[in-house]
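Remarks on the overall topology
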Amino acid sequence: MSSWIVVGFGGVTCGGKTTISNELHKMIPNSVIIHQDDYFHPMGSEVLEYIEEVQHYNWDTVTAIDSERMINDVKQIISCKSHGDGGVLIVEGTLVLHIEQLRRLCDFKYYLTLPYTISKQRRCRKNYEIPDPPLNFDKIVWPAYLRHTEQLEQLDSTIRFVDTNDNDESTVIRNIMSDLSSVRTFNTPSNR
């Protein structure tokens, strides 16, 4: 049995997954973070779906992610004994909770949500290495998010849905730390 706590963050684009994960990583000693963005198949890969209407690859599907490599990395980390009494592994990305093997490894699962207008505004302000084409959000990103949300609501009743528009990041982080503290005591900078 692993002494690691695995925390999964999925959900809406620009909903705060990376920001919240990075803050938790700074706060929690012996924590490790894995970002879904580091596991996308390379541009031009034959497994990527190209959407002609948008003139862009569909990055909002599980097949765009090298799931096998990501799962192997998670398993390798949680099998590691070098963190003494255990660590906290944070796994974040829009689709991490849709990868069944990852979802099953998570002790805590959070799915961040936002209304359409807020998500789109934040997405438009973001600077991607490969910019979004004009129709990408409305034709690919948002419809995929709605489908994924509906699927997860039916698949797993242990996922906590968190509206990051109604809850500021500090409140979300405080609530997550409270959840994690129910299973382990942390010597975080705030309680030293």
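Our subject is the structure that appears above.
Here's a quick rundown of the structure. (Residues numbered from 1 in each chain as written. Predicted model: local features only at pLDDT ≥ 70, side-chain atom pairs only at ≥ 80, totals over all residues. Heavy atoms only, no water.)

Let's shift gears to the pattern of salt bridges. For the structure on display, the rule yields nine salt bridges. One salt bridge in this structure joins Asp132 and Arg123, with 2.6 Å as the shortest N-O distance. Since its relative accessible area comes to 25%, Asp132 is described here as partly exposed. Classification of Arg123 as buried rests on a relative accessible area of 11%. In the salt-bridge network here, residues are joined through shared partners; they are Arg103, Lys109 and Asp156. (Salt bridge = Lys/Arg side-chain N within 4 Å of Asp/Glu carboxyl O. Buried < 20%, exposed > 50% of the residue type's maximum accessible area, 1.4 Å probe, protein only.)

Within the largest apolar cluster, 27 residues are counted, with the highest numbers of intra-cluster contacts made by Ile34, Met70, Leu89, Val91, Leu97 and Leu102. Taken together, the elements giving at least two residues each to this core come down to α2 (67-78), β5 (88-92) and α5 (136-155). When near neighbours in sequence (up to four residues on either side) are disregarded, Val91 contacts Val6, Val7, Gly8, Phe9, Ile34, Met70, Val74 and Val96. Counting residues in hydrophobic clusters, the runner-up holds 18 residues, among them Ile5, Ile90, Phe108 and Val172. (Core = buried A, V, L, I, M, F, W, Y, C linked by side-chain atoms within 4.5 Å. Helix = DSSP H or I, 4+ residues; strand = E, 2+ residues; numbered from the N terminus. Contact = heavy atoms within 4.5 Å.)

Moving on to the environment of Lys126. As for its position among the elements, Lys126 is in the loop between α4 (116-125) and α5. Remark: the alpha-carbon pair of Lys126 and Cys14, spanning 112 residues in sequence, is separated by 8.4 Å.

With respect to the helices, strands and loops of the structure, Leu102 is situated in helix α3 (residues 100-105). Along the backbone, Leu102 and Ile71 are 31 residues apart, and their C-alpha atoms lie at a distance of 6.3 Å. The residues touching Leu102, leaving out its near neighbours within four places in the chain, are Met70, Ile71, Val74 and Val96.

Everything listed here is a matter of coordinates, which is why it stays silent on function.
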